[in-house]
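Per-entry structural report
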Amino acid sequence: MGKQTEKCFGLVVLVPCPYQGHINPMLQLGTVLHSFGFSITVVHTIFNSPDPKNHPHFIFVPISHGLSDQDIAYGQIVDNIVEMNYNCKENFRHFLEKLVMNEAHGEKIRCIISDELMFYAEAVAVDLNLPSIILRTTSAATSYARCALVRFITQSSVLFEGSDSHDLVPELHPLRFKDLPFSLSKDFGKFAELMGTVYGKRSSSAIIWNTSKCLEELTLEKIQQQSHVPIFPIGPLHMIVPFNISSSLITEDRTCISWLDKQPHRSVIYVSSSGSIAALTEKEVAEIAWGLANSNQSFLWVVRPGSVCGSDWIELLPKGFQDSVGDKGCIVRWASQREVLAHPAVGGFWSHCGWNSTLESIGEGVPMLCKPSFGDQRVNARYVSYVWRVGLELEELERGEIERAVRRLILENEGNEMRERVKEMKKEIEDTIQQGAFNLLALEMETNFQIMMG
Ligand code: UDP
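Report follows, based on the coordinates.

Read across the open sheet, the seven strands follow the order S3-S2-S1-S4-S5-S6-S7; overall the sheet is parallel. Of all strands in the sheet, those bounded by a partner on one side alone are strand S3 (59-63) and strand S7 (231-233). Neighbour-to-neighbour, the strand axes of the sheet open up by a mean angle of 25 degrees, direction not taken into account. With three bridges joining them, strand S6 (residues 206-209) and S7 adopt parallel strand pairing. Opposite tryptophan 209, over in S7, you have proline 233 as the bridge partner. Against the sheet, helix H4 (residues 119-127) contacts strand S1 (10-15), S3, strand S4 (109-115) and strand S5 (132-136), and its axis sits at roughly 155 degrees relative to S4.

Let us look at a negative patch on the surface. There is a patch of like negative charges on the surface, built from Glu417, Glu420, Glu424 and Glu428. Looking at the element boundaries, glutamate 424 is found in helix H15 (residues 413-434).

In this section: the environment of histidine 94. You can see histidine 94 is positioned in helix H3 (residues 77-101). With a relative accessible area of 47%, histidine 94 lands in the partly exposed category. For the pair histidine 94 and valine 124, spaced 30 residues apart in sequence, the C-alpha to C-alpha distance is 9.7 Å.

Basis of the calculations
Residues numbered from 1 in each chain as written. Predicted model: local features only at pLDDT ≥ 70, side-chain atom pairs only at ≥ 80, totals over all residues. Heavy atoms only, no water. Pairing = 2+ DSSP bridges. Helix = DSSP H or I, 4+ residues; strand = E, 2+ residues; numbered from the N terminus. Axes fitted to C-alpha atoms, helices over the stretch in contact; angles between N-to-C directions. Contact = heavy atoms within 4.5 Å. Patch = residues over 30% accessible without salt bridge, like charges linked within 9 Å, V, L, I, M, F, W, Y side chains within 5 Å. Areas by Shrake-Rupley, 256 points an atom, 1.4 Å probe, with all protein chains shown as cover. Salt bridge = Lys/Arg side-chain N within 4 Å of Asp/Glu carboxyl O. Lys, Arg positive; Asp, Glu negative; His and termini not counted. Charge placed at Lys NZ, Arg CZ, Asp CG, Glu CD. Buried < 20%, exposed > 50% of the residue type's maximum accessible area, 1.4 Å probe, protein only.

Purely geometric numbers; function is a separate question.
The structure is reproduced here in structure tokens:
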């Protein structure tokens with residue numbers, strides 16, 4: 001990424017969705033736009049608010065989201081997103097109106113870039129005649145599948161009973177029923193309504209996608225054919241911004257890097273099986289723990305505080321487990337994931353397959369062990385294991401299966417072959433980034449929006 005230029009192209013307002021996997025790519029996008037000469041203002045909820053110290057060149061504007069602590073802690077994500085869209089809209093309108101009024105004395109507002117889930121921001125921007133762009137933070141394959149899912153649900157054309165079936169879903173090759181990106185919500189109607197809004201007719205002028213043409217060319221082509229606005233697959237955004245810029249909501253424990261420094265080359269499996277939202281039961285944690293211990297491979301395990309149901313942190317790990325693994329295991333609350341994946345001691349990544357984690361693993365050439373939980377993770381895991389063939393999928397959280405899968409990935413030829421393939425993918429992505437998809441977007445923002453705004 002180039003240094004920030006002296007030019008000032010005007011102001012871009014970013015509206016992230018307040019979850020880690022959405023905040024990261026949005027702030028990475030802001031970092032790249034800032035390096036091109038745009039000023040960046042981030043409008044965010046108080047809940048999961050980003051740390052301004054990590055982005056000293058941005059202006060951060062908190063707005064009230066109207067959710068109670070109870071809603072945030074125990075509510076369904078789908079419900080919270082719908083509520084936030086209602087509750088933030090008027091506050092955002094007041095903020096933007098003021099910004100427009102002050103424009104004569106300040107910078108020209110170039111556009112509003114909002115997360116696909118924060119559609120209230122797009123509606124306000126369009127009302128105020130400001131250009132608006134959507135940022136999509138999941139894979140193109142997930143979006144494509146979600147559109148189909150909405151259609152299936154509304155037409156009841158596919159039965160979802162036995163959604164763990166390995167049968168292929170009509171129209172969605174290579175996805176099986178078990179790979180469909182259902183949310184945790186059991187309320188299909190509400191989920192379908194939200195997805196209908198997110199993937200239905202939108203009024204933005206363009207879509208920025210945190211994916212790469214070289215990963216998802218065919219799907220992107222299909223989506224572009226159905227879209228009336230240009231799509232910019234400029235990702236993976238994390239590969240364009242410097243390594244040391246973090247937007248973590250949880251403090252990163254850096255002691256694990258010194259632990260990794262002491263481990264042999266490619267000997268460690270990095271385990272972050274819950275990402276930033278998913279949770280595990282006590283029984284599942286016990287299976288993971290004994291699977292890792294029995295594999296006899298070194299592991300770095302992120303156990304996010306609160307991610308094991310019924311405990312604050314690792315209180316429910318099985319008795320005797322930590323003694324039995326000794327120095328072979330390192331457990332932290334939260335890691336600097338990109339730095340971990342880039343470490344030479346890491347030989348594999350056991351991931352829940354959130355899209356950011358998937359891109360980060362591919363971006364560092366690290367093969368994966370996939371155990372998705374819900375939503376887009378299921379689609380990503382299918383692509384990692386079946387389409388790109390750079391990972392293994394765990395069918396069950398069962399200690400014997402875990403032990404075998406870890407050994408296959410770290411020790412066996414199969415793991416080496418996946419490592420070779422993922423390194424090739426990494427190279428292709430780097431080449432695609434070099435071809436300058438981002439420059440095209442910046443150009444579009446400088447020229448097109450100037451024309452649109454007169
Ligand atoms: N992450 C991190 N440290 C950790 C675990 C995760 O920084 O210990 C980051 C990870 O690098 C990724 C994000 O959290 O950028 C999780 O996003 P993802 O889309 O993979 O999963 P989700 O947020 O949907 O669970």
